[in-house]
Amino acid sequence: MAEQEANCLTAFPAGEQTVWADVSPFLGTVCRELEVGELIHGENFNLFEAMSALEIMDPKMDSGMTSCGYNSVEEAIGSGAAPIKLHLLQTIDVMDHLLACEATWHKGHSLAQTVFTCLYLLNLERTSPNSLLHAYCKVTRVTCNLIRSFVSQSRTHEEEDFFTMAFGLPLKGEGDDKCLSILNAVDETVARQLRACKNSVTRKKIADDYESLQPDPDLEEGYCKAVLSRLRFRKSFYHALTYMGKPQGRGLEMAHKHIVSGLSELARIRESSDFLSSISSRACKGEFDDRTTASGQEAVGFDASINSRLLSPTPPRSINILSWKMAIDYFEKLLQDLDRICLLPLNPTIEEALQFAVDFQKSQPDLVSRSQLQLLIVQDGKLFGRDLLSDVICRAMKMPHLANNRDFQRNDSVIQLGRLILNLLRILCTNIAYQHRKLGKSLQEWDALLHQRFVQTFELLQKSQVPEPLSYFQFKQSTSYINLASLPTQMQFDYFEAAQKDLKKLRHCFPKDSERLHEIQQLEHVAEKNRIALNVIHFAGQAGCFPRVSFEFSHHPLFAVAVIKRS
């Protein structure tokens, strides 16, 4: 019976005209008749579906079973889990916990389980009455979208490095391009309030002239400093990422200035911890290693399971949000790594670019900075977005005269070599744990290219005409009747003169290579002495004298020098 019912089932896509039926009686009948190991399925069920299927009602596999929070954002907001009217300390706690969530996302967890556990981000427009909270959340969302964009563009991440899936979460919204203007307006208000607090004359008139951030005038200055440092860090971080994304590295100088500013603000954020924890009525006593806020209080407006239904295609995974201290340490390290990239010269050779990528990996940078490095070095298939790979290869081969040669640029081997160089640069920016496997594959491609070029060269050698072996006596006999004096002088030493000119040019190609410079000097001596020898032979022949000529390898092991003696 169960088999007959299963054969009647067909797969139809659900649509507006779909009529849903209760299958509970059918499933009850089937459960009574199925034996152990038997399976009932529709015609569209296959092995892939079996591998992808999740076992329902199992807490380890079914994310819906672990849900113990709210069923929707609206329900959470309606129950008062995300109030808009917050005490200033509560607002700072939201900022700190959101920063810890962002750092946790960078470390490889999903947006749904980190940044977007913030109920304020899931409905950002309702935070407009709280200008401070609204400005901070808005620039955080824009920054997250920016980071997700260039990490996806660089394609250097592995699954455990970074989670780019957005699960339909609101990463974009109206007015995102105005996030900095909103942040600057709040920054100016708080800065004006801080100046008033520092002025002993106007301090007593704060309530009359300015809208205080909180009711206690004695705490106003500390609160203003804590808020300003957090706002200005967000602004500096966003500016640094924006300028680093400009083509051909044009914004690196400005990015460096904002990174320096961001590091200063992070130091001030760290200093605010003592002040905030001292005024917190619910701050934990003792160790604060696992706290996600500077005050030690639990931040309001967050729910770890609010997006659990968005994760249904994957088994539920519990995560631990980084502590506030670890988040600060992470962003300090991130800004320091980004600053190293900003100081990279924009006109390096390919060897220097490769060496920088290798040295950069020694500091164990996280994915965000590695993605920025890869996007800077490789842009539009060019080195730093400016130099064609064929030109880079010309400079590496010490043949700059081929830089604009169309035939050289279109050569298949040059194109393939350029592709391998770009691939190698990308590999050096990936997770170091995966570099061994990827470098092994890259080496196979390099080996294939070299083998191909060797075979082509060998085939050319086979096609060339090799003269018959010539002994020394045959050479002496065939040249004994040649009158060197009858040869034009220009023909006799033009080759050595040309060699001297070429060797002089080569000196500029190896300014720091002592071994090659030494060999060039040896060859210059050979060319000069042979040129003089030809002059002597020429004039001696005109005078009717025939000097005795011998050859010695006194200046170079492979190129002989003519020695002239009277006969």
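What counts and what doesn't
- Residues numbered from 1 in each chain as written.
- Predicted model: local features only at pLDDT ≥ 70, side-chain atom pairs only at ≥ 80, totals over all residues.
- Heavy atoms only, no water.
- Axes fitted to C-alpha atoms, helices over the stretch in contact; angles between N-to-C directions.
- Helix = DSSP H or I, 4+ residues; strand = E, 2+ residues; numbered from the N terminus.
- Parallel < 35°, antiparallel > 145°, perpendicular 65-115°, else oblique.
- Left-handed = near helix turned anticlockwise from the far one by under 90°.
- Contact = heavy atoms within 4.5 Å.
- Nonpolar A, V, L, I, M, F, W, Y, C, P; charged D, E, K, R; others polar.
- Buried < 20%, exposed > 50% of the residue type's maximum accessible area, 1.4 Å probe, protein only.
- Salt bridge = Lys/Arg side-chain N within 4 Å of Asp/Glu carboxyl O.
- Expected span 1.5 Å × (residues − 1).
- Phe/Tyr/Trp six-rings, centres within 6.5 Å; stacked < 30°, edge-to-face > 60°.
- Lys NZ or Arg CZ within 6 Å of the ring centre and 35° of its normal.

Draft legend 1. Structural context of the packing of helix α7 (residues 131–154) against helix α10 (residues 220–244). At a minimum axis separation of 10 Å, α7 and α10 run at an interaxial angle of 25 degrees. Put simply, α7 runs roughly parallel to α10. Crossing angle aside, the handedness with which α7 passes α10 is left-handed. Contact residues: α7 offers Leu132, Tyr136, Val139, Thr140, Val142, Thr143, Leu146, Ile147 and Phe150, while α10 offers Val227, Arg230, Leu231, Arg234, Phe237, Tyr238, Leu241 and Thr242. Its residues assigned to classes, the contact of α7 with α10 comprises twelve nonpolar, three polar and two charged.

Draft legend 2. Up close: unusual backbone geometry. Of note in this structure, glutamine 364 is not a glycine but carries a positive phi near 55 degrees. Checked against the element boundaries, glutamine 364 lands in the loop between α13 (350–361) and α14 (367–377). Residue glutamine 364 is classed as exposed on the basis of its relative accessible area, which comes to 66%. Phi at aspartate 380 takes a positive value of approximately 55 degrees, unusual for a residue other than glycine. Mapped onto the elements of the fold, aspartate 380 is located in the loop between β1 (378–379) and β2 (382–383).

Draft legend 3. View of the pattern of salt bridges. The tally for this structure, following the rule as stated, stands at 16 salt bridges. Arginine 141 is the partner of aspartate 176 in a salt bridge, and the nearest nitrogen-oxygen pair spans 2.7 Å. Here arginine 141 lies in helix α7 and aspartate 176 lies in the loop between α7 and α8 (179–198), a separation of 35 residues in the sequence. Residue class for arginine 141 comes out buried when judged on its relative accessible area of 4%. The shortest N-O distance in the salt bridge between lysine 325 and aspartate 329 comes to 3.3 Å. With lysine 325 and aspartate 329 both in helix α12 (residues 324–342) and four residues apart, this pair spans about one turn of that helix. With a relative accessible area of 48%, lysine 325 lands in the partly exposed category. A relative accessible area of 29% means that aspartate 329 is categorised as partly exposed. Three or more residues are tied together by salt bridges with common partners; here these are Arg270, Lys325, Asp329 and Glu332.

Draft legend 4. Structural context of the side chain of threonine 104. Here threonine 104 is to be found in helix α5 (residues 88–106). Those residues in contact with threonine 104 that sit more than four places away from it in its chain are His109, Thr114, Asn320, Ile321 and Leu322.

Draft legend 5. Up close: α5. With 19 residues, α5 ought to run about 27 Å at 1.5 Å a step, and its terminal C-alpha atoms sit 27 Å apart, in line with that. Counting buried positions along α5 yields 18 of 19 residues, so the element is predominantly enclosed. Looking at the residues trailing α5, positive phi occurs at glycine 108, about 120 degrees.

Draft legend 6. Main features of the packing of aromatic side chains. Under the counting rule described, the total for this entry stands at six aromatic pairs. Taking 5.4 Å as the distance between ring centres and 85 degrees as the angle between the ring planes, the aromatic pair formed by tyrosine 223 and phenylalanine 275 counts as edge-to-face. Taken together, the positions of tyrosine 223 in helix α10 and phenylalanine 275 in helix α11 (residues 252–279) put the pair 52 residues apart, joining distant regions of the chain. The buried category is assigned to tyrosine 223, whose relative accessible area is 2%. On the numbers, 5.8 Å between centres and 5 degrees between planes, the contact of phenylalanine 233 with phenylalanine 237 is stacked. Taken together, the residues span about one helical turn, with phenylalanine 233 and phenylalanine 237 both in helix α10 at a distance of four residues. Judged on exposure class, the residue phenylalanine 233 and its partner phenylalanine 237 are both buried. One aromatic cluster is present, formed by Phe233, Phe237, Tyr330 and Phe331 through successive ring pairs. Over the ring of tyrosine 136 we find arginine 234; its NZ or CZ atom is 5.6 Å from the centre of that ring.

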